[in-house]
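Now for the letters of each chain:
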Protein chains: 2
Amino acid sequence: MAKYAKPLMRLIDELSSLPGIGGKSAQRLAFHILSMEEEDVEALAESIRSAKKSMRYCSVCGNLTDTDPCSICGDETRDKKSLCVVETPRDVAAMERIREYRGRYHVLHGCISPVDGIGPGDINIHSLLKRLQTEEVEEVIMATNPTIEGEATAMYIARLLKPAGLKVSRIAHGLPVGADLEYADEVTLSKSLENRKEL
Amino acid sequence: MAKYAKPLMRLIDELSSLPGIGGKSAQRLAFHILSMEEEDVEALAESIRSAKKSMRYCSVCGNLTDTDPCSICGDETRDKKSLCVVETPRDVAAMERIREYRGRYHVLHGCISPVDGIGPGDINIHSLLKRLQTEEVEEVIMATNPTIEGEATAMYIARLLKPAGLKVSRIAHGLPVGADLEYADEVTLSKSLENRKEL
């Protein structure tokens, strides 16, 4: 790494600490920022600061929001009978993008992962159980990731909820649309066979 | 794109306007920033702001610096007889990284490119000529990029300086170290043949 002047060095260091931004990208970004108009740089710095200041977690569902409750929890037109359980606020965004689900969400903020020392008590399961006691939910859709940890978390929560007579479902596994059978991994392919539907 | 809350949306917009950062990366970065400690976010925003405020171009060589003249121009131990002409401050950094060149620099801030409407008057050639009149330079090393525009710029400046009796040199073309002959492009390969050295 070349010896840059201190303020530039500091900027490069800060940028390269972000995920997916290595030393080279950080340098390129830093030089780009220096070449930007002063007001644009100000806007960038301010957007970072104000996003961090005004965004918080919804006290109901745990989603990222600048209002409390969040716009989804506060939306009376959304179906209160359906609750979709996801790992992160980004998963809420992904679900919202399909524009088909009209129920509500519950964000776990992680999944059970004994390897990383994350147990059931470390994610938002307690608040989920509390919601189910007061809200008129009929179906809980487990939309945790199709990973080992996501599966285990879905199973764990399903087992907790079933005795209460709730319907608990799991999003489907199978081949992604547009995928190539030849390149699909065995587990996905076997899941897609197992979950086949009659035409 | 999902409907995020406004401050988050604004942050994603700002981030995706940076070079090499698409919509998906911007979202990932934004969520990462929201998950950072408040003081780390503050440090990031401040590093952007202060780099832009304190970095300027050296009045002598045009390099990016937080002092004027820059640390290279102000370093009395550096060889005043050799002047390396580059396109951008990043090229100065690249040259400095090899730790072999002990002369000084002159940053053109671009290269002659008629296609983009950039003529000799739009880059720092005038200040270069002025420096050569007052400084005791003996050799000018043209280290513009090995592109058509970089070549043309090197040629143009060489022709301007030669009549003044200055030694003007050009960095070598050839195969990059560690490259594979089989995959080298024809122009590079023919250059590397043309510039062969006796062993």
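Data block above holds the structure.
On a predicted model such as this, the values are computed, not experimentally measured, just so you know.

A. Region of interest: the relation of the copies chain B and chain A. Overlaying chain B on chain A yields an RMSD of 0.1 Å, the required transformation being a rotation through 180 degrees with an accompanying axial translation of 0.0 Å. Viewed as a symmetry operation, the transformation between the two copies matches a two-fold axis. The position closest to the rotation axis in chain B is occupied by the C-alpha of Ala45 of chain B, lying 2.3 Å away. An overlap of 100% is found between the interface residues of chain B and their copies at the interface of chain A, pointing to a shared contact surface.

B. Molecular detail of the interface of chain B and chain A. With 50 residues of chain B in contact, the opposing surface of chain A contributes 50 residues. Of the roughly 4,800 Å² buried between chain B and chain A on both sides combined, carbon and sulfur atoms contribute 66%. For the chain B face of the interface with chain A, the top three residues by lost area are Arg49, Lys52 and Arg90 of chain B, together amounting to 15%. Linking chain B with chain A are 4 salt bridges. Two residues, Arg49 of chain A and Glu46 of chain B, come together in a salt bridge whose shortest N-O distance is 3.5 Å. In this assembly, chain B and chain A are joined by 10 residue pairs in polar contact (both at pLDDT 80 or more).

C. Local environment of the pattern of salt bridges. Considering all chains together, one arrives at 14 salt bridges over all chains under this definition. Linking Arg170 of chain A and Glu151 of chain A is a salt bridge whose minimum nitrogen-to-oxygen distance equals 3.1 Å. Within this pair, whereas Arg170 of chain A is found in strand E6 (residues 167-170), its partner Glu151 of chain A is found in helix H6 (residues 148-161), the two being separated by 19 residues in sequence. Judged by relative accessible area, which is 25%, Arg170 of chain A ranks as partly exposed. Accessibility expressed as a relative area gives 21% for Glu151 of chain A, which makes it partly exposed. Overlapping salt bridges, with partners in common, bring together Glu42 and Glu46 of chain A together with Arg49 of chain B in one network.

What counts, and at which threshold
- Residues numbered from 1 in each chain as written.
- Chains lettered and ligands numbered in written order.
- Predicted model: local features only at pLDDT ≥ 70, side-chain atom pairs only at ≥ 80, totals over all residues.
- Heavy atoms only, no water.
- Least-squares fit on C-alpha atoms with pLDDT ≥ 70 in both.
- Contact = heavy atoms within 4.5 Å.
- Buried area = accessible area lost by both parts, 1.4 Å probe.
- Salt bridge = Lys/Arg side-chain N within 4 Å of Asp/Glu carboxyl O.
- Polar contact = N/O pair within 3.5 Å; in protein donor to acceptor, adjacent residues only side chain to side chain.
- Helix = DSSP H or I, 4+ residues; strand = E, 2+ residues; numbered from the N terminus.
- Buried < 20%, exposed > 50% of the residue type's maximum accessible area, 1.4 Å probe, protein only.

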